[in-house]
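Next come the chains, spelled out residue by residue.
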Amino acid sequence: MNKPKVVVTRKWPAEVEAQLSALYDVQLNESDIPMTADELKQAMQTADALLPTVTDSITADILSIEDKRVKIIGNFGVGYNNIDIHTAKAQGLVVTNTPHVLTDCTADIAMLLLLMSARRAPEGERLILNQEWTGWKPTQLIGHKVTGKTLGLIGFGRIAQAMAKKAHHGFGMKILFYAPSSPPQNIINDLQAIRCDSIEELLSEANFVSLHCPGGEATRHLINEKRLKLMRPSAHLINTARGDVVDSKALIKALKEGWIAGAGLDVFEGEPHIDPGFLDLNNVSLLPHLGSATEETRVAMGNRVLANISAFFAGEEPKDRVV
Ligand code: DGY
């Protein structure tokens, strides 16, 4: 029997690519240059499985291409707002993602950004790199203490809960959260977490606000000018979710005019483009979407995709099916 044909849109960890090559008739992307819409359409017509990632925009146009051969889209990523999920469903396609395996590493990056922002780490590093540091001073780069402060999480899924654990058990932080539904009582008890009735309530009480909701139309600009104005002037905003959850222009204004003290961002509206307004600010910590970027996690993400498509081609239900 012929091996199923699989198209991988970006370069993956070598050990996962080797496994894919052993099992499938695979088209890898050695150059790692993102595929164009036309190339993605062609892949839809020539492959049995398309394995995109969060940087590939899998639009209705691509999904509705005539003479489609693809039956399963195995996304390399937990977030799948890069895929027009309604069209995928209407077209009878199976879509899978990679949950669980990136929870801790993404929570680590959220915690890292929280600490960087609170302790003004980027400003300190710039001082050294620009050879401007003249020595210790009692009043230099004074930040905010993290231990014992209040962390407010918007969205309270796996990554938010993992961050809350690190913050509560590691840094003695008080945990507030806002989410459409409450997690099991044992989790609430373990974290002594308090559920807020509104985003507004959380924003006005927290010293640190971390975003953990999915991207997409429903959450676009959830954090806007009006909501930023509710935050404390000493508060910090952390975003490791999706860039478009925050109105960048409003955040730049908030940071410039001191409505809030700082922000730590791993994701950006329209990334990899970054609003130049962020680049002139001292009080923003910027990372290039590193949430899941550890060797262990990226290999595990690849293996998760592999398990999903293997199940599909064996006629079984893939574990991480989202439609
Ligand atoms: C995801 O998986 O959704 C992250 O943004 C990249 O790992």
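Criteria and cut-off values
- Residues numbered from 1 in each chain as written.
- Predicted model: local features only at pLDDT ≥ 70, side-chain atom pairs only at ≥ 80, totals over all residues.
- Heavy atoms only, no water.
- Phe/Tyr/Trp six-rings, centres within 6.5 Å; stacked < 30°, edge-to-face > 60°.
- Helix = DSSP H or I, 4+ residues; strand = E, 2+ residues; numbered from the N terminus.
- Buried < 20%, exposed > 50% of the residue type's maximum accessible area, 1.4 Å probe, protein only.
- Lys NZ or Arg CZ within 6 Å of the ring centre and 35° of its normal.
- Contact = heavy atoms within 4.5 Å.
- Expected span 1.5 Å × (residues − 1).
- Pairing = 2+ DSSP bridges.
- Arc of directions from axis to C-beta.
- Axes fitted to C-alpha atoms, helices over the stretch in contact; angles between N-to-C directions.
- 1 Å grid on protein atoms, 1.4 Å probe; cavity = no way out; pocket = protein on both sides within 12 Å on 5 of 7 lines; lining within 4 Å.
- Points joined across faces, edges and corners; volume = space filled by probe spheres on them.
- Nonpolar A, V, L, I, M, F, W, Y, C, P; charged D, E, K, R; others polar.
- Parallel < 35°, antiparallel > 145°, perpendicular 65-115°, else oblique.
- Left-handed = near helix turned anticlockwise from the far one by under 90°.

### Some points on the packing of aromatic side chains
Thinking step 1. Tallied over the entire structure, the rule returns 5 aromatic pairs.
Thinking step 2. Taken together, a centroid distance of 6.5 Å and an interplanar angle of 70 degrees make the contact between phenylalanine 268 and phenylalanine 278 edge-to-face. Taken as a pair, phenylalanine 268 in the loop between strand S11 (262-265) and helix H12 (276-279) and phenylalanine 278 in helix H12 lie far apart in primary sequence, 10 residues in all. The two residues phenylalanine 268 and phenylalanine 278 agree in class, both being buried.
Thinking step 3. Each member of the aromatic cluster is reached from another via a ring pair, and the members are Tyr24, Phe312 and Phe313.
Thinking step 4. The cationic tip of lysine 229 hangs over the ring face of tryptophan 259; the distance from NZ or CZ to the ring centre is 4.8 Å.

### Remarks on the side chain of threonine 96
Thinking step 1. Topologically, threonine 96 is positioned in strand S5 (residues 94-96).
Thinking step 2. By relative accessible area, threonine 96 is classed as buried at 0%.
Thinking step 3. Among all residues touching threonine 96, those that are not within four sequence positions of it are Ile72, Ile73, Gly74, Asn75, Asn308, Pro318, Asp320, Arg321 and Val322.

### Regarding helix H7 (residues 158-171)
Thinking step 1. In this model H7 runs 19 Å from its N-terminal to its C-terminal C-alpha over 14 residues, within 8% of the 20 Å that 1.5 Å per residue would give.
Thinking step 2. Buried residues of H7: Ile159, Ala160, Gln161, Ala162, Met163, Ala164, Ala167 and His168, and no others.
Thinking step 3. Lining the buried residues of H7 we find helix H5 (103-118), strand S6 (150-154), strand S7 (174-178), helix H8 (185-191) and strand S9 (208-211).

### Comments concerning the environment of leucine 127
Thinking step 1. For leucine 127, the position within the fold is in helix H6 (residues 121-129).
Thinking step 2. Between the alpha carbons of leucine 127 and isoleucine 85 there is a distance of 46 Å; along the sequence they are 42 residues apart.
Thinking step 3. In this view, leucine 127 contacts Glu132, Trp133, Gln140 and Leu141; residues no more than four positions away in its chain are not counted.

### A word on the pairing of S9
Thinking step 1. Going residue by residue along S9, you find Phe208 and Ser210 tucked away on one face and Val209 and Leu211 tucked away on the opposite face as well.
Thinking step 2. The sheet contact formed by S6 and S9 spans 4 bridges and is parallel. Paired with isoleucine 154 across the two strands is leucine 211, which belongs to S9.
Thinking step 3. In this sheet, strand S10 (residues 236-239) lies alongside S9 in parallel orientation, the contact comprising 4 bridges. Of the residues in S10, the one forming a bridge with leucine 211 is asparagine 239.

### Some points on helix H2 (residues 37-46)
Note on helix geometry: an α-helix contains 3.6 residues per turn, so any two residues three or four positions apart are oriented the same way.
Thinking step 1. Those residues of H2 lying buried are Leu40, Lys41, Ala43 and Met44. Across the axial projection of H2, the buried residues extend over an arc of 160 degrees, all falling on one side.
Thinking step 2. Contact partners of the buried residues in H2: strand S1 (5-8), strand S3 (49-51) and helix H3 (60-63).

### A short note on the sheet that holds strand S4 (residues 72-74)
Thinking step 1. On the basis of which strands lie adjacent, the open sheet formed by 5 strands has the order S2-S1-S3-S4-S5 and parallel pairing. Edge positions in the sheet fall to strand S2 (25-27) and S5, since each has one partner strand and no second. For this sheet, the mean inter-axis angle between neighbouring strands, taken without regard to orientation, is 15 degrees.
Thinking step 2. Both S3 and S4 contribute to a ladder of 2 bridges, which runs parallel. From the neighbouring strand, alanine 49 faces S4, where its bridge partner is isoleucine 72.
Thinking step 3. Packing against the sheet, helix H13 (residues 295-313) makes contact with S1, S3, S4 and S5, and its axis sits at approximately 165 degrees to S4.

### Here we look at empty space enclosed by the protein
Thinking step 1. On inspection of all chains with the given rule, the structure shows 1 cavity of 30 Å³ or more.
Thinking step 2. Roughly 40 Å³ of volume is contained in the largest cavity.
Thinking step 3. Along the walls of the largest cavity sit Asn239, Gly243, Val246, Ser248, Leu251, Leu265, Val267, Phe268, Glu269 and Phe278, which together make up its complete lining.
Thinking step 4. Tallied by class, residues from the lining of the largest cavity come to 6 nonpolar, 3 polar and 1 charged.

### Remarks on the packing of H5 against H7
Thinking step 1. Contact geometry for H5 and H7: axes closest at 8 Å, N-to-C directions at 55 degrees. Classified by the angle between their axes, H5 and H7 sit oblique to one another. Taken as a pair, H5 and H7 cross one another with a handedness that is right-handed. On the side of H5, the interface is formed by Thr103, Asp104, Thr106, Ala107, Asp108, Ala110, Met111, Leu114 and Leu115, while H7 contributes Arg158, Ile159, Ala162, Met163, Lys166, Ala167 and Phe171.
Thinking step 2. When the residues that make up the contact of H5 with H7 are grouped by side-chain class, the tally is 10 nonpolar, 2 polar and 4 charged.

### Examining unusual backbone geometry
Thinking step 1. The omega torsion of the bond from glutamate 271 to proline 272 falls at 15 degrees, within 30 degrees of zero and hence cis.
Thinking step 2. Here proline 272 shows up in the loop between S11 and H12.
Thinking step 3. Unlike most non-glycine residues, aspartate 32 shows phi in positive territory, near 65 degrees.
Thinking step 4. The residue aspartate 32 is located in the loop between S2 and H2 in this model.
Thinking step 5. Backbone geometry places histidine 289, a non-glycine residue, at a positive phi of 50 degrees.

So, to be careful, I would describe these as geometric facts and stop short of saying anything about function.
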